[in-house]
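Residue-level structural notes
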Amino acid sequence: MTETRAKKNNRLTLYIILALLAGILLGFYLNSTYVKDENTQIMKAELQISSLKSQLQNITDTNSIAYHQAASQKFILSNFKNETMIARDKKLEWFALLADIFLRLIKMIIAPLVFTTLVVGVAKLGDMKSVGRIGGKTLLWFVASSFLSLFLGMVLVNYFQPGLAMHLPMPDAVNADIAKNALTLRDFMYHVFPTSVFDAMAKNEILQVVVFSLFFGVATAAIGKPGEIVIKALDAIAHVILKMTGYVMKFAPFAVFGAMVVVIAKQGPSILQTYSIFIGEFYIGLLILFLILLFACYLVIKKRVFTLMKHIKEPAILAFSTNSSEAAFPKLLLELERFGCENRIVSFVLPLGYSFNLAGTMMYVTYATIFIAQCYGMHLDFGTQLSMLMVLMLTSKGVAGVPRAALVVIAGTLTTFKIPEAGLALLLGIDPLLDMGRAAMNVVGNSIATAVVSKWEKSLDD
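In short, a report on the structure.

Cut-off values and rules
Residues numbered from 1 in each chain as written. Predicted model: local features only at pLDDT ≥ 70, side-chain atom pairs only at ≥ 80, totals over all residues. Heavy atoms only, no water. Salt bridge = Lys/Arg side-chain N within 4 Å of Asp/Glu carboxyl O. Helix = DSSP H or I, 4+ residues; strand = E, 2+ residues; numbered from the N terminus. Buried < 20%, exposed > 50% of the residue type's maximum accessible area, 1.4 Å probe, protein only. Core = buried A, V, L, I, M, F, W, Y, C linked by side-chain atoms within 4.5 Å. Contact = heavy atoms within 4.5 Å. Lys, Arg positive; Asp, Glu negative; His and termini not counted. Axes fitted to C-alpha atoms, helices over the stretch in contact; angles between N-to-C directions. Parallel < 35°, antiparallel > 145°, perpendicular 65-115°, else oblique. Left-handed = near helix turned anticlockwise from the far one by under 90°. Nonpolar A, V, L, I, M, F, W, Y, C, P; charged D, E, K, R; others polar.

1. Quick word on the pattern of salt bridges
The final tally for this structure, using the stated rule, is ten salt bridges. The partner of Glu38 in a salt bridge is Lys91, with the nearest N and O atoms 3.0 Å apart. Here Glu38 is found in helix H2 (residues 36–58), whereas its partner Lys91 is found in helix H3 (residues 65–91), with 53 residues between them in sequence. Using a relative accessible area of 11% as the deciding quantity, one classes Glu38 as buried. A relative accessible area of 29% means that Lys91 is categorised as partly exposed. A salt bridge links Arg438 to Asp435; the nearest nitrogen and oxygen atoms lie 2.9 Å apart.

What follows is the structure, given as structure tokens:
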């Protein structure tokens, strides 16, 4: 039975890797043929818009005919660029649909899976003392890991200084909707405490689902024997959802293929060339973070850390390929139990990790925020950067489940520290490529946290 399951897992991993490579190859082909005209028109429009922006900046009299002509041409070109992008997206929509359907199916599963597994996990702990003990150990690791990720991002961006080498024209202002969604303290609190658990599930507000699940789990354990019926029912529902996950995961290779085709066909090799410095150095940073977390895990669980990496290989590849650590959650839950972590620990730590321990995302928000400051030639002293770390430590905890969460956090931090918000536009084009590494690192970080807490609780099956 175990050998059959392992063979199926290996086949799925192989299919995902093959789909990834096939998507990249087809994406390059479509970029140079099928959507070549649209890409060329978009590029020409961007160059002309950039030239007109420079002209507008040099014209001091805003009431002059020359100024109005340049502004009118810029407006026409912007509309033409948007229409061309829509036409290009329409050509590629069938490939995008593959990834969209898969992610919708995964999101359909996430909230009920988090609720059932976390309630069962908390209830099985037995009492508030156990919840407090395990929760304390979990949060201790999360805080240490979060600070490490944020601090490493700060150190690396100051060492590499990628912003000084970009030399990109800066936009007039940020028109992206994402900047308008910068989190305030009130927004953060709203992301934590739900008004309705059904509304939270419908909107995939995972942190709110976690809060409700903790209350529900503790209350279920507190009522004693009558609560056992609820625990058994939710445990059975969790297993049903995990079975559903197995069916959904069979669609993963198609989703990976579609996602890669769209990204490469739209951006082409130019996106890698233009931002090669930033992308390359960021991925070096992720590698360093991975090695540090791996070493920390080795200190706790010794040589079993290498077995752990084998078990989480497939969820990490899936997260990388789909740009979503959420997509890997159901599979990761299964693999950690197969590795030897007790169900009650996995069901408690992993859902919390998806809200509090996004290691890759946290390193990125520090790296990207200071990078934007460098692009503008702004010098941030050490004290200011440490303050930024504390702000990011807080705001990064309230955006689990928010679309493009890292950009939301960065937008809020730019506003707080008076860094021009227009710099956010520099990240919009390459964010999907960076999100791949962030998502995979989030999976690794949460897996290590679960294994470490299991070992501390003497619940790691050898």
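2. Re the nonpolar core
Ranked by size, the top nonpolar core spans 113 residues in total, and within it Phe102, Ile301, Leu308, Tyr364, Ile410, Leu427 and Ile448 carry the most contacts. If we skip the residues at most four places from it in the chain, Ile301 touches Leu308, Phe339, Ala451, Lys455 and Leu460.

3. Here's the deal with the side chain of Glu281
With respect to the element layout, Glu281 can be found in helix H13 (residues 276–301). In this structure Glu281 is buried but unpaired, with Arg438 as the nearest side chain of opposite charge at 15 Å. Excluding anything up to four places from it in sequence, Glu281 contacts Phe160, Pro162 and Tyr367.

4. Examining the packing of helix H14 (residues 304–311) against helix H16 (residues 329–339)
Two numbers describe how H14 lies on H16: the axes approach to 9 Å, and their chain directions differ by 150 degrees. Regarding the angle of H14 to H16, the classification is roughly antiparallel. H16 is crossed by H14, and the crossing has right-handed handedness. Seen from H14, the contacting residues are Arg304, Thr307, Leu308 and His311; seen from H16, they are Glu335, Leu336, Arg338 and Phe339. Its residues assigned to classes, the contact of H14 with H16 shows three nonpolar, two polar and three charged.

Everything listed here is a matter of coordinates, which is why it stays silent on function.
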